[in-house]
Amino acid sequence: MNATVPAPRSTSLELPVIGTAVTYHGSITERHGRFLLFPHYSIYSTGDHDDDFCADLGERSTLLECNNYGVLNHVRPTSFTVDSGIWWPEDAIDLVVGNHVFKLSHTLPGGGPQARVIVFYAADGRLLQDYMRWATDRIESDTLRILDQRGRTRRAQKAFSLPAQTAR
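These remarks concern the structure in this document. (Residues numbered from 1 in each chain as written. Predicted model: local features only at pLDDT ≥ 70, side-chain atom pairs only at ≥ 80, totals over all residues. Heavy atoms only, no water.)

1. A few points about unusual backbone geometry
A positive phi is found at N67, a non-glycine position, where the angle reads about 60°. Residue placement: N67 occurs in the loop between β4 (61-65) and β5 (71-75). N67 sits in the exposed class, given a relative accessible area of 60%. In this model, H74 sits at a positive phi of 60°, which is unusual for a non-glycine residue. Inspection of the secondary structure puts H74 in strand β5. Residue H74 is classed as partly exposed on the basis of its relative accessible area, which comes to 24%. (Helix = DSSP H or I, 4+ residues; strand = E, 2+ residues; numbered from the N terminus. Buried < 20%, exposed > 50% of the residue type's maximum accessible area, 1.4 Å probe, protein only.)

2. A word on the side chain of D124
Position of D124 among the secondary structure elements: in the loop between β9 (115-121) and β10 (127-133). By relative accessible area, D124 is classed as buried at 15%. A polar atom in the side chain of D124 sits 2.8 Å from the backbone nitrogen of N67. At a separation of 2.8 Å, a polar atom in the side chain of D124 contacts the side chain of R126. Not counting the four nearest positions on each side in its chain, D124 is found in contact with L36, C66, N67 and L162. (Polar contact = N/O pair within 3.5 Å; in protein donor to acceptor, adjacent residues only side chain to side chain. Contact = heavy atoms within 4.5 Å.)

3. Brief notes about the pairing of strand β2 (residues 21-24)
In this sheet, strand β3 (residues 33-39) lies alongside β2 in antiparallel orientation, the contact comprising 4 bridges. Bridge assignment links A21 to a residue of β3, and that residue is L36. Where β2 meets strand β6 (residues 80-82), 3 bridges bridge the pair, whose relative direction is antiparallel. Bridge pairing in β6 links T23 to T81. (Pairing = 2+ DSSP bridges.)

4. Some thoughts on helix α2 (residues 141-154)
The end-to-end C-alpha distance of α2, which contains 14 residues, comes to 20 Å, matching closely the 20 Å that a straight helix rising 1.5 Å per residue would cover. Every buried residue of α2 is listed here: T143, L144, L147, R150, G151 and R154. Viewed end-on, α2 has its buried residues packed into an arc of 125°, placing them on one side of the element. Residues of α2 that are exposed and point more than 90 degrees away from the buried face comprise R152 and T153. On the buried face of α2, the contacting elements are β7 (93-97), β8 (100-109) and β9. (Expected span 1.5 Å × (residues − 1). Arc of directions from axis to C-beta.)

Encoded structure:
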């Protein structure tokens, strides 16, 4: 997994932002409603993923229920509508992983000098976590230092105040 950190507050609008709010309107009508967007293979994906089966499905996403942990797997892009606008705080730092962007708040210790628990913003006001391994030389040391320093003061934080949404 190749991870890079662009300058803080770059929006990377050409890439989907992990944790963005979406409205699901797919074939499972009893599940219609608000969800958060995640890549198909994410910490919130449930069940076993057979690489051959999943590859045959084409582009898919995992959706996590807003304010909950209910999950929809293997969701087609045509089955949801992505909310527009910038919902993350100004101090968010972008972390590009594959073809998605995390909006990071801070990091927590996680397995050694080349691994961290990343804490990122989600559009429902939660701070969610994922485990991330990377080669430290692929991330600017100043950016990593900022994220680590924030972790010392924000480690107990579980939510954030959603800023007024602005248009992209």
